[in-house]
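Analysis of the macromolecular model
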Amino acid sequence: MSGDLKEKVEVSGADLQTPTPADRSVSSSKEAADGKEYGSTEDHIFADAAVAAHWRGVYERARYENRHRFDPAYKWTADEERRLVRKIDARIMVWAWLMFCALDMHRRNINRAISDNMLAEIGMNTNDYNYGQTIFLACFLAAELPSGLVSKKLGADVWIPTLMVSWSITAMSQAFLHSRAGFYAIKALLGLLMGGFIPDIVLWLTYFYKSRELPLRLAWFWTALSTVNIVGSLLAAGILQMRGINGWGGWRWLFLIEGLITTCIGVFSWGLMPPGPTQTRHWFRGKNGWFTDHEEFILVNRLLRDDPSKGDMNNRQGVGPSLLFKAVKDWEMWPLYIIGLTTYIPPSPPNNYLSYILRRIGFSVFNANLLAIPSQFLFAVNLIVVTWISRRVGERSIISSSSNIWIFPWLLALVLLPDNASSWVRYAMLTGLLSYPYCHAILVAWNAKNSNAVRTRAVSAALYNMFVQSGNIIASNIYRDDDQPLYRRGNKILLGITVFNIFLFYFVKAFYIWRNKVRDGKWNALTPEERESYVLTTKDEGMQRLDFRFAH
């Protein structure tokens, strides 16, 4: 059995008489832990001819773009699949990471710009800055779902590069800011243009990776955050020294130069983003494409044997109002959305204000930007480690709770630290806090896995990120102007949210254990014949299927 058929039933005739979906979850976890997750096997989900015929019909009706490579009898070796995955990493994952860097460069460079007297020069204070960030995040949130629907219809390979070039040009225009109203207008436009990127790119990545492969790739993907903060801090330390050239402040040069860089990345993305695994032939990518026929067969069949539902929709097929409403009604996904709402609030204000706080407690502009680097390096290391541990042990909720468990003692120290404490001690506490193990890669992959259908996945990815951005809106208003520079009141609020988050992760785990037990009871009450009939004839889709089990 493919090691990635975790928490999903196999439906060959013999399987229907014995193991339950819960049994198979344990078995597949053990196989994956033993490293037996590559290469074709004889006992995959399409080994039963009736099941294979059923899914072939689904793919034909959906006009699935890779259906011509679907072959239940196709075989390949583990080494061939490993080489192919490395090729996908080089062709797909690396560029996705670079595109994310282009997004985050313009989400974060405002934090460095305000260390260069930007607010005073355009007649603003930190409350005005918070309002601008709130406008940005509200527009970012509002764009998530509409952008996801447009991307699903046009294709991520068309929509994402268009957004990138648009937001890069808009970001460059910040170099010409002179008023608070202009600041608000540009932040609103940036939010609308950037909002759909993350759910769109994550859905695109699911076209190439199996469910078990995705979390670790997303962990590397999210190292873009720390990479941009490190590189951005180094760039800012140099570019901000350009103050006075052409009569401009250094922050104006920062927006202009970084906008030019990301515009180039956006232009190249039109040629370096293929629509799907069998659609890489293009004048820019080569007339023969990136993959041989054999590699395309492996790519498609390994994905479908991992998750047959990945072929139930064409990658140029939009999600209509009825399907959208259906996805929103999937109430069993909402606990994950609530986690997305609150989990990232505690570290957000310290991260956004780090350079500003360091300036206010006595560090220079140059040092305030460079001192952000250690926490970002440790953040990247912890991100990879926590995601690897989650993948290795097959545990999501408990491992993810470590993010807020890590944050708790550092926030407590900041609350209790006396006013006359050394600036270096306070900096050490902030660095420790911001080095936390970021669990976002685990949660995004968890959300994708529990969606269990392309149409649901397209909507749930956007909904999850909308909740994340709602949390960011809350976070952007916790540190207030009358609470600076130590933000004691704000840190007490963050401490309370941290405690809530720790308990929330364990509640969500208990919720999904309960839902799986309910499904086990219904499934086990069916005879083998009824189970086979259900698999072949049910109209239930995605997570509504009785043979699906929630990951937790």
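Every value quoted in this text rests on a predicted model; they were computed, and no experiment measured them.

This part takes up the overall build of the chain. In terms of helices and strands, the chain carries 22 helices and zero strands. Relative to a compact globule of 552 residues, whose C-alpha radius of gyration would be 24 Å, the chain shows 24 Å and is just as compact. For the chain, the spread of C-alpha atoms along the principal axes amounts to about 75 × 55 × 45 Å. The burial tally for the chain puts 63% of its 552 residues in the buried class. In the chain, the share of contacts with a sequence separation of at least 24, taken over all contacts with a separation of at least 6, comes to 82%. Surface summary for the chain: the accessible area is close to 20200 Å², and the carbon and sulfur share equals 64%. Of the side chains in the chain, 59 bear a positive and 47 a negative charge, and the two mean positions are spaced by 4 Å.

With that settled, consider the pattern of salt bridges. Within this structure, the stated rule accounts for 25 salt bridges. Where R69 meets E296, a salt bridge forms, and the shortest distance between an N and an O atom there is 2.9 Å. Of this pair, R69 sits in the loop between α2 (49-62) and α3 (78-113) while E296 is found in helix α11 (residues 293-306), placing the two residues 227 residues apart along the sequence. Two residues, E81 and K210, come together in a salt bridge whose shortest N-O distance is 3.0 Å. Taken as a pair, E81 in helix α3 and K210 in the loop between α8 (197-206) and α9 (214-239) lie far apart in primary sequence, 129 residues in all. Across this residue pair, the class does not change: E81 and K210 are buried. One salt-bridge network, held together by shared partners, links R69, R281, D293 and E296.

With that out of the way, let us pick up the packing of aromatic side chains. Scanning the entire structure with this criterion turns up 41 aromatic pairs. Plain terms: the ring middles of F100 and F197 are 6.2 Å apart, the flat faces sit at 20 degrees to each other, and that makes the pair stacked. Taken as a pair, F100 in helix α3 and F197 in helix α8 lie far apart in primary sequence, 97 residues in all. Neither F100 nor F197 differs from the other in exposure class; each is buried.

On to the confidence of the model for the chain. A low pLDDT score tells you not to read the predicted coordinates there in detail. Summing up the model confidence of the chain, the mean pLDDT is 86 and the portion of residues at 70 or higher is 92%. Low pLDDT (under 50) marks residues 1-34, which in the prediction has 85 contacts with non-local residues, meaning those over four places away or in another chain.

Another point: the nonpolar core. Counting 143 residues, the largest nonpolar core has M99, M118, F197, I201, W204, L218 and W222 as its most contacted members. Tallying contributions element by element places α3 first for this core, with 14 residues. Residue contacts for M99: discarding those within four places in its chain leaves I160, M164, F197, I201, W204, I265, S269 and M273. Counting residues in each nonpolar core, the second largest holds 15 residues, with Y59, F70, L304 and L546 among its members.

All right, on to helix α18 (residues 423-434) then. With twelve residues, α18 extends 16 Å from end C-alpha to end C-alpha; this agrees with the ideal 16 Å at 1.5 Å per step. Every buried residue of α18 is accounted for by R426, Y427, M429, L430, T431, G432, L433 and L434. Where α18 is buried, its residues contact α14 (348-360), α16 (373-393), α17 (397-416) and α21 (488-524). For α18, the N-terminal cap is S422; the gap from its side-chain oxygen to the backbone nitrogen of W424 is 3.1 Å.

Turning to the environment of G394, a few remarks are in order. Tracing the backbone shows G394 in the loop between α16 and α17. Sequence spacing of G394 and R212 is 182 residues, and the spatial spacing of their C-alpha atoms is 9.3 Å.

Of note, the bond from Q484 into P485 is cis; its omega dihedral lies within 30 degrees of zero at 0 degrees. Inspection of the secondary structure assignment puts P485 in the loop between α20 (454-475) and α21. Positive phi values are uncommon outside glycine, yet N246 reaches one of about 60 degrees. With respect to the element layout, N246 can be found in the loop between α9 and α10 (250-272). The residue Y487 is not glycine, and still its phi comes out positive at about 50 degrees.

A few words now on α16. Here α16 spans 31 Å end to end across 21 residues, near enough to the 30 Å set by a 1.5 Å rise per residue. Tucked into the core, α16 has its buried residues touching α9, α14, α15 (365-370), α17, α18 and α19 (440-451).

Here the focus is the packing of α9 against α19. Packing of α9 against α19 brings their axes to within 8 Å, and their N-to-C directions diverge by 135 degrees. One way to sum up the angle between α9 and α19 is to call them oblique. When you trace α9 past α19, the crossing you get is right-handed. In this structure, α9 uses P215, L218, A219 and W222 to contact α19, whose residues at the interface are H440, A441, V444 and A445. In terms of residue class, the contact of α9 with α19 is built from seven nonpolar, one polar and no charged.

Thresholds, definitions, all that
- Residues numbered from 1 in each chain as written.
- Predicted model: local features only at pLDDT ≥ 70, side-chain atom pairs only at ≥ 80, totals over all residues.
- Heavy atoms only, no water.
- Helix = DSSP H or I, 4+ residues; strand = E, 2+ residues; numbered from the N terminus.
- Rg over C-alpha atoms; globule rule 2.2 N^0.38 Å.
- Buried < 20%, exposed > 50% of the residue type's maximum accessible area, 1.4 Å probe, protein only.
- Contact = heavy atoms within 4.5 Å.
- Areas by Shrake-Rupley, 256 points an atom, 1.4 Å probe, with all protein chains shown as cover.
- Lys, Arg positive; Asp, Glu negative; His and termini not counted.
- Charge placed at Lys NZ, Arg CZ, Asp CG, Glu CD.
- Salt bridge = Lys/Arg side-chain N within 4 Å of Asp/Glu carboxyl O.
- Phe/Tyr/Trp six-rings, centres within 6.5 Å; stacked < 30°, edge-to-face > 60°.
- pLDDT = per-residue confidence, 0-100.
- Core = buried A, V, L, I, M, F, W, Y, C linked by side-chain atoms within 4.5 Å.
- Expected span 1.5 Å × (residues − 1).
- Polar contact = N/O pair within 3.5 Å; in protein donor to acceptor, adjacent residues only side chain to side chain.
- Axes fitted to C-alpha atoms, helices over the stretch in contact; angles between N-to-C directions.
- Parallel < 35°, antiparallel > 145°, perpendicular 65-115°, else oblique.
- Left-handed = near helix turned anticlockwise from the far one by under 90°.
- Nonpolar A, V, L, I, M, F, W, Y, C, P; charged D, E, K, R; others polar.

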